[in-house]
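Structural features, examined
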Amino acid sequence: MRCGLRECRPLLEAPDSQVQGSFGLGEVRSVTRQLNEESAVWRVSNRHHHWGLPVTVLHPESIASLALERCAFSIRAASCLTGQSSRAAWVTSTVMKLLLTSGGVSNPSIRQALVGLLDKPIEECTALAIPTAMYGHRNAGPGLNVWNFVAGRSAQPQVELGWKSVGLLELTALPSIPRGAWEPLVRETDVLLFSGGEAVYLAHWMRESGFVDLLPELTDTVWVGMSAGSMVAAPRIGEDFRAWDGGESDETLGLVDFSIFPHFEHPMMPGNDAAEFERWAATIDNPAYALCDDSAVSVVDGTVEVVSEGQWRYVD
């Protein structure tokens, strides 16, 4: 669960919570509850560091009651379902587990992070490959690049990780077929693999197809995104990354409260450097990560962690 900074203040300053330790509320980015039989721990994290701050509680139920009374918790901003702006809301993904990559599952660290999100080995998991974003970007599809992604021949590994099975789901086709033909398949799948391409285009078809309506119920599903397949989870992508003329703005789903600048310091993209990242980040009004193709962001229950064997940056 996630509560906004203003709503967190009464809880964290409450005398009966007896928080041991101090921190600046301006640095707080998530509060998740962990209760055990003897005590309660509120894990307070910003996007670079995580701290476990002990909370002395005689009755663990009291802290839960206090949270409900004093915090305006939200499972998820409803605006991500309607397409309305979610920038005013502080949102997080409690929809599913997210592994947001720039270049796919490209190294052992990212693969290990993926394994940690799954409740069974990769070899026992089913996956659905979703190439829809590729059709919205002139450099991605249609054509050979789409086939390479679906066939597991991409330079950004997703499909070729050794899944028990991999199916294909094309979101643009869903409005023309009965919902009963595809919804059960999505619900029973362990992992959703979102290709790169154009994030606004992908967000459009996720809404248009009704796919986005399922997200609040897919609590056991793992989302693995690459480039645009990761960017679409953000509140917005910035005008620089818009490559599809059909969208009215650069707003996307808002499943998380930060944006992603992919392919950071890529040798074939000399413009994707630190200076360009900072210039782009200044044009959006939410936090942002720059991720090279050996970096990813994992989001589970509001806790954000960077997984990297390369370069990454963060701005608030």
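Residues numbered from 1 in each chain as written. Predicted model: local features only at pLDDT ≥ 70, side-chain atom pairs only at ≥ 80, totals over all residues. Heavy atoms only, no water.

**Describing the sheet that holds strand S13 (residues 312–315)**
The strands making up a sheet associate through hydrogen bonds between their backbones, and the pairing can be parallel or antiparallel. Operational definition: Strands qualify as paired when DSSP identifies two bridges or more between them. Here a helix means four or more residues in a row that DSSP labels H or I, a strand means two or more in a row labelled E, and each is numbered from the N terminus. Every axis corresponds to a line fitted to the C-alpha atoms, with the helix fit spanning only the stretch in contact, and the corresponding angles, defined between N-to-C directions, vary from 0 to 180 degrees. Residue contacts are counted whenever heavy atoms from the two residues lie within 4.5 Å of one another.
Taken in spatial order, the 3 strands make up an open sheet running S9-S10-S13, and their pairing is mixed. Of all the strands in the sheet, just strand S9 (259–261) and S13 have a single pairing partner and so form its edges. Strand-to-strand twist of the sheet, defined as the mean angle between neighbouring strand axes without regard to direction, takes the value 20°. With 3 bridges joining them, S9 and strand S10 (residues 288–291) adopt parallel strand pairing. The partner of Ile260 across the bridge, within S10, is Tyr289. Packing against the sheet, helix H9 (residues 274–281) makes contact with S9, S10 and S13, and its axis sits at approximately 155° to S9.

**Focus: helix H7 (residues 199–208)**
This is how it is decided: Any residue under 20% of the maximum accessible area for its type is buried, any over 50% is exposed, and the rest in between are partly exposed; the area is computed with a 1.4 Å probe on protein chains only.
Counting buried residues along H7, 7 of its 10 residues qualify, which places the element largely inside the surrounding structure. Taken together, the buried positions of H7 are Ala199, Val200, Tyr201, Leu202, Ala203, Trp205 and Met206. On its buried face, H7 sits against strand S7 (191–194), strand S8 (222–226) and helix H8 (228–231). One or two residues past the end of H7 sits Gly210, with phi positive at roughly 85°.

**Describing the nonpolar core**
Formally: By nonpolar core we mean a set of buried residues, namely Ala, Val, Leu, Ile, Met, Phe, Trp, Tyr and Cys, connected to one another through side-chain atoms within 4.5 Å.
Leu169, Leu171, Met206, Phe211, Leu215, Trp223 and Phe258 are the most contacted members of the largest nonpolar core, which totals 42 residues. For this core, the secondary-structure elements that each account for two or more residues are strand S4 (97–101), strand S5 (126–130), S7, H7, H8, S10 and strand S11 (295–300). Broken down by element, this core gets its largest block of residues, 7 residues, from H7. In this view, Met206 contacts Leu171, Phe194, Phe211, Val212, Leu215, Trp223, Val232 and Leu253; residues no more than four positions away in its chain are not counted. In terms of nonpolar packing, the next biggest core, distinct from the first, is built from 24 residues, Ile110, Ala113, Leu114 and Met134 among them.

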